[in-house]
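Residue strings, one per chain:
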Amino acid sequence: MASLEIEHLEKSFGANRVVKDFNLSIEEGEFISLLGPSGCGKTTVLRMVAGFESPSGGAIRIGGQDVTHLGANQRNIGMVFQAYALFPNLTVAQNVGFGLRVAKRPRAEIKARVTEMLELIGLPDLGNRYPFQLSGGQQQRVALARALAIQPRVLLLDEPLSALDAKIRVSLREEIRDIQRRLGITTIFVTHDQEEALSISDRVVVMNGGVAEQIGAPFEIYNQPKTRFVAQFVGTLNALEAEVADPERGALRVGSTEVILSEPVTAGQGTPVTLAARPEVLALGRREGNDTVFTGRIVETHFLGSILRVRMEVEGQLIALDTFNRPGNPPPKVGTEAEVSVASRDLLVLAD
Amino acid sequence: MKSKKLWSWLALAFGALYFALPLLGTLEFSLRARRGVYSLDAYRSVLADPQFRETFSYSVVMAIFTILVGALIVVPTAYWVRLKLPHWRPVVEFITLLPLVIPPIVIVFGYIRLYNTSSILPLTGTTTGTNLLLMLGYATLSLPYMYRAVDTGLRTIDVGTLTEAAQSLGAGWSTILARVILPNVLVAVLSGAFITFAIVIGEFVLASLLNRPAFGPYMQLTGANKAYEPAALAVIAFSITWICMGLIQLVTRFSKHTNAKR
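Residues numbered from 1 in each chain as written. Chains lettered and ligands numbered in written order. Predicted model: local features only at pLDDT ≥ 70, side-chain atom pairs only at ≥ 80, totals over all residues. Heavy atoms only, no water.

Section: the overall build of chain B
Then, number 1: Scanning chain B from N- to C-terminus turns up eleven helices and zero strands.
Then, number 2: When the helices and strands of chain B are listed from N to C terminus, the series reads α-α-α-α-α-α-α-α-α-α-α.
Then, number 3: Across its three principal directions, the C-alpha atoms of chain B cover 75 × 70 × 30 Å.
Then, number 4: The buried share among the 262 residues of chain B stands at 40%.
Then, number 5: Summarising the internal contacts of chain B: among those between residues at least 6 apart in sequence, 74% fall at separations of at least 24.
Then, number 6: Working note: accessible area of chain B is about 14800 Å², and carbon and sulfur atoms make up 71% of it. (Helix = DSSP H or I, 4+ residues; strand = E, 2+ residues; numbered from the N terminus. Buried < 20%, exposed > 50% of the residue type's maximum accessible area, 1.4 Å probe, protein only. Contact = heavy atoms within 4.5 Å. Areas by Shrake-Rupley, 256 points an atom, 1.4 Å probe, with all protein chains shown as cover.)

Given below as structure tokens:
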């Protein structure tokens, strides 16, 4: 049985439908990310699961129990907020023990649980500090411990890393994932950062305009995007205007270059389509095998350390390609002619 | 540059004199009860007066009840308005300002008319009823200060997120108010409380027209019948107010978690 089921969830604010027919089934211990631009409805979905917003339609079930109309304080859900939301008047230990005190657990149990939680987040000695004496990263870890102390059925993370600086963001997200795996707790993580979503999730839900555009494993989302939005929102994507030349052979025409795809095309001859390729599947120069080769002009180069990003003009359209840095290969000169090759199976045809 | 500084100092000195001179005058006069020498006779006489002690303790008790009732009304109201009815804030603020523009004499006549012995709720018919009415009147008078203090206190915390955090941890409304909201606005409630205290101690109109033995009417009575004692009383009342202000500062400084950066 799924740990958390969301069925036909709807939410409207007045005439504005912010969540439309949202369906999701999460297995026990699964880590799911809701990814999308701001205003896509991801936070609204999370708030409905938490009980802070009431759905306009649909149902939410946790462990088989219908919680759609249950108050937020009766759902036994752990929540971590972007703004930490630690109680400023309580010490770290009191914050972590808050939920257990509300539940009127025995004092000894609370103490033991608080100690256990503070060890889990790696801050065993900070129990007597007040929130304002902690760094942002420490505060967010305490907030995580507080949410986990009540042994919630589901853990909800609402952009928990957005207020932190880049380095801590990376280390804390790994820590969160590690703790989540150890406890095996079902988790929903809301973020607008695709790298965050791809790196720590079992599955990613890409949302746009209140709709789940695609639900899948990070590898699948990145490599087999089902819609143009998913393809463009997740990762960088080169889009080339093309035209179907021969549907059966899978042949397209980009300007004067013919591109043969690995599969036949469903669209009829002469139909304009968008041909897409990730920057990392394009390679400078001609490779062996039956790759498609474009000829173009180098427009600019960005040296990013381990990666060299080259922008080229090909058939009157701009594309970007990424190659790894090699000390023996200096960046090509701007304005020079260059060839760029790509394997047929790495090309995507996007439906409009 | 230099002349600018001089003018600032002059303005400050003028202000200080304007406020300090009458006070110093009153203080000096209160010490002159014995001919030719300064003495504390007037103070001794005031403190020895049983009526002073009775009226003062009556007003202190009234102030404490006023503060409790005021906080009980204002904290949940201000919290709820901030959390759920933000668009009602201007309206609520206007209502809380009304006691500043409606003179106490109007309020008390309204009370007497509404709650007299021939009304549905004859509060003025019994001593307890009248005390209750007076206390509620005091709470009304202190409403502008109490509400503003608490509302400012609420502004310094993220009411919405803290409420949701507490809810997700299983807390109901009363727990949230008592354990999360109130402790975080306690300093604000206390500063509102001290202002309320100062208002209640010096209030004359309500107490006099409701005929209760409060400190305000006593001061007026002494002032009408004695020479040096009113000055001593004024100094005492003034010191009480200043002690209250000092306490606000102290409480603000000693509350640990409010040292947080805002």
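Further notes follow.
Description of the overall build of chain A
Then, number 1: What chain A contains, in helices and strands, is eight helices and 20 strands.
Then, number 2: Dimensions along the principal axes, computed over C-alpha positions, put chain A at roughly 75 × 50 × 35 Å.
Then, number 3: Sorting the 352 residues of chain A into buried and exposed places 50% on the buried side.
Then, number 4: In chain A, the proportion of contacts linking residues at least 24 apart, taken out of those at least 6 apart, comes to 65%.
Then, number 5: Within the structure as shown, chain A displays about 16200 Å² of accessible surface, and the carbon and sulfur contribution to it stands at 48%.

Overview of the interface of chain B and chain A
Then, number 1: Every contact between the two is made by 22 residues of chain B and, on the other side, 22 residues of chain A.
Then, number 2: Regarding the contact of chain B and chain A, the summed buried area is about 2000 Å², with carbon and sulfur atoms giving 67% of it.
Then, number 3: Along the contact surface separating chain B from chain A lie one salt bridge.
Then, number 4: Across the pair Glu164 of chain B and Arg47 of chain A runs a salt bridge whose closest N-O atoms are separated by 2.6 Å.
Then, number 5: Taken together, the links from chain B to chain A amount to four residue pairs in polar contact (both at pLDDT 80 or more). (Buried area = accessible area lost by both parts, 1.4 Å probe. Salt bridge = Lys/Arg side-chain N within 4 Å of Asp/Glu carboxyl O. Polar contact = N/O pair within 3.5 Å; in protein donor to acceptor, adjacent residues only side chain to side chain.)

Concerning the UniProt feature "transmembrane region" (unreviewed entry) in chain B
Then, number 1: Annotation from UniProt places "transmembrane region" (unreviewed entry) at residues 57-79, 91-112, 132-150, 185-210 and 230-252 of chain B.
Then, number 2: Along residues 91-112 of chain B one finds 91% helix and 0% strand; the C-alpha atoms at either end are 27 Å apart. (UniProt positions renumbered as here; feature names shortened; annotations may be inferred.)

A short note on the nonpolar core
Soluble globular proteins: nonpolar side chains tend toward being buried together.
Then, number 1: Judged by nonpolar contacts, the single largest core of 60 residues is most densely connected at Leu4, Phe22, Leu34, Phe87, Phe98 and Leu156 of chain A together with Leu154 of chain B.
Then, number 2: The contacts of Phe22 of chain A, once residues within four sequence positions are left out, are Ile6, Glu7, His8, Leu9, Leu34, Val45, Val205, Met207 and Ala212 of chain A.
Then, number 3: Listed in part, the 38 residues of the second largest apolar core include Ala42, Val108, Leu141 and Val235 of chain B. (Core = buried A, V, L, I, M, F, W, Y, C linked by side-chain atoms within 4.5 Å.)

Some words on the UniProt feature "domain: ABC transmembrane type-1" (unreviewed entry) in chain B
Then, number 1: The feature "domain: ABC transmembrane type-1" (unreviewed entry), as given by UniProt, occupies residues 56-249 of chain B in the numbering adopted here.
Then, number 2: Between the end C-alpha atoms of residues 56-249 of chain B the distance is 24 Å, and the span holds 81% helix and 0% strand.

Regarding unusual backbone geometry
All names here are of chain A.
Then, number 1: Notably, His8 is not glycine yet its phi reads approximately 45°, a positive angle.
Then, number 2: For His8, the location among the structural elements is in strand β1 (residues 4-13).
Then, number 3: Among the residues examined, His8 registers a relative accessible area of 48% and is labelled partly exposed.
Then, number 4: Positive phi values are uncommon outside glycine, yet Asp21 reaches one of about 40°.
Then, number 5: Structurally, the position occupied by Asp21 is in strand β2 (residues 16-26).
Then, number 6: Under the relative-accessibility criterion, Asp21 is labelled partly exposed at 44%.

Describing the packing of helix α6 (residues 127-155) of chain B against helix α8 (residues 173-202) of chain B
All names here are of chain B.
Then, number 1: Running from N to C, α6 and α8 cross one another at 150°; their axes reach a closest spacing of 8 Å. One way to sum up the angle between α6 and α8 is to call them roughly antiparallel. Where α6 crosses over α8, the two elements pack in a sense that is right-handed. Listed contacts from α8 to Tyr138, Leu141, Ser142, Tyr145, Met146, Ala149, Val150, Gly153 and Leu154 of α6 are Ile181, Val185, Ala188, Val189, Ser191, Gly192, Ala193, Ile195, Thr196, Ile199 and Val200.
Then, number 2: Across the contact of α6 with α8, the residue classes break down as 15 nonpolar, five polar and no charged. (Axes fitted to C-alpha atoms, helices over the stretch in contact; angles between N-to-C directions. Parallel < 35°, antiparallel > 145°, perpendicular 65-115°, else oblique. Left-handed = near helix turned anticlockwise from the far one by under 90°. Nonpolar A, V, L, I, M, F, W, Y, C, P; charged D, E, K, R; others polar.)

Here's the deal with the UniProt feature "domain: ABC transporter" (unreviewed entry) in chain A
Then, number 1: According to UniProt, the positions carrying the feature "domain: ABC transporter" (unreviewed entry) are residues 4-234 of chain A.
Then, number 2: A distance of 25 Å separates the end C-alpha atoms of residues 4-234 of chain A, which is 37% helix and 26% strand.

A short note on the packing of aromatic side chains
How two aromatic rings sit relative to each other is set out by the distance from centre to centre and by the angle between their planes.
Then, number 1: Within the structure shown, the criterion is met by 16 aromatic pairs over all chains.
Then, number 2: Each ring, one from Tyr130 of chain A and one from Phe132 of chain A, has its centre 6.5 Å from the other, and the planes form 25°; the classification is stacked.
Then, number 3: Among the residues examined, Phe132 of chain A registers a relative accessible area of 29% and is labelled partly exposed.
Then, number 4: Between Phe56 of chain B and Phe215 of chain B, the ring centres sit 5.1 Å apart and the planes meet at 80°, which makes this aromatic pair edge-to-face. Remark: Phe215 of chain B occurs in helix α10 (residues 215-225) and Phe56 of chain B occurs in helix α3 (residues 50-83); sequence separation between them is 159 residues.
Then, number 5: Under the relative-accessibility criterion, Phe215 of chain B is labelled buried at 0%.
Then, number 6: A network of ring pairs unites the aromatic residues Phe52, Phe56, Phe215 and Tyr218 of chain B as a single cluster.
Then, number 7: The residue whose ring lies beneath Arg146 of chain A is Phe87 of chain A, and the NZ or CZ to ring-centre distance is 4.6 Å. (Phe/Tyr/Trp six-rings, centres within 6.5 Å; stacked < 30°, edge-to-face > 60°. Lys NZ or Arg CZ within 6 Å of the ring centre and 35° of its normal.)

Brief notes about the confidence of the model for chain B
Residue and element names in this part refer to chain B.
Then, number 1: Overall, the prediction assigns chain B a mean pLDDT of 89, with 96% of residues at 70 or greater.
Then, number 2: Least confident of the elements in chain B is helix α11 (residues 229-254), whose mean pLDDT is 81; most confident is helix α7 (residues 159-168), at 94.
Then, number 3: Both scores are given for the predicted complex: the pTM is 0.82, the ipTM 0.84. (pLDDT = per-residue confidence, 0-100.)

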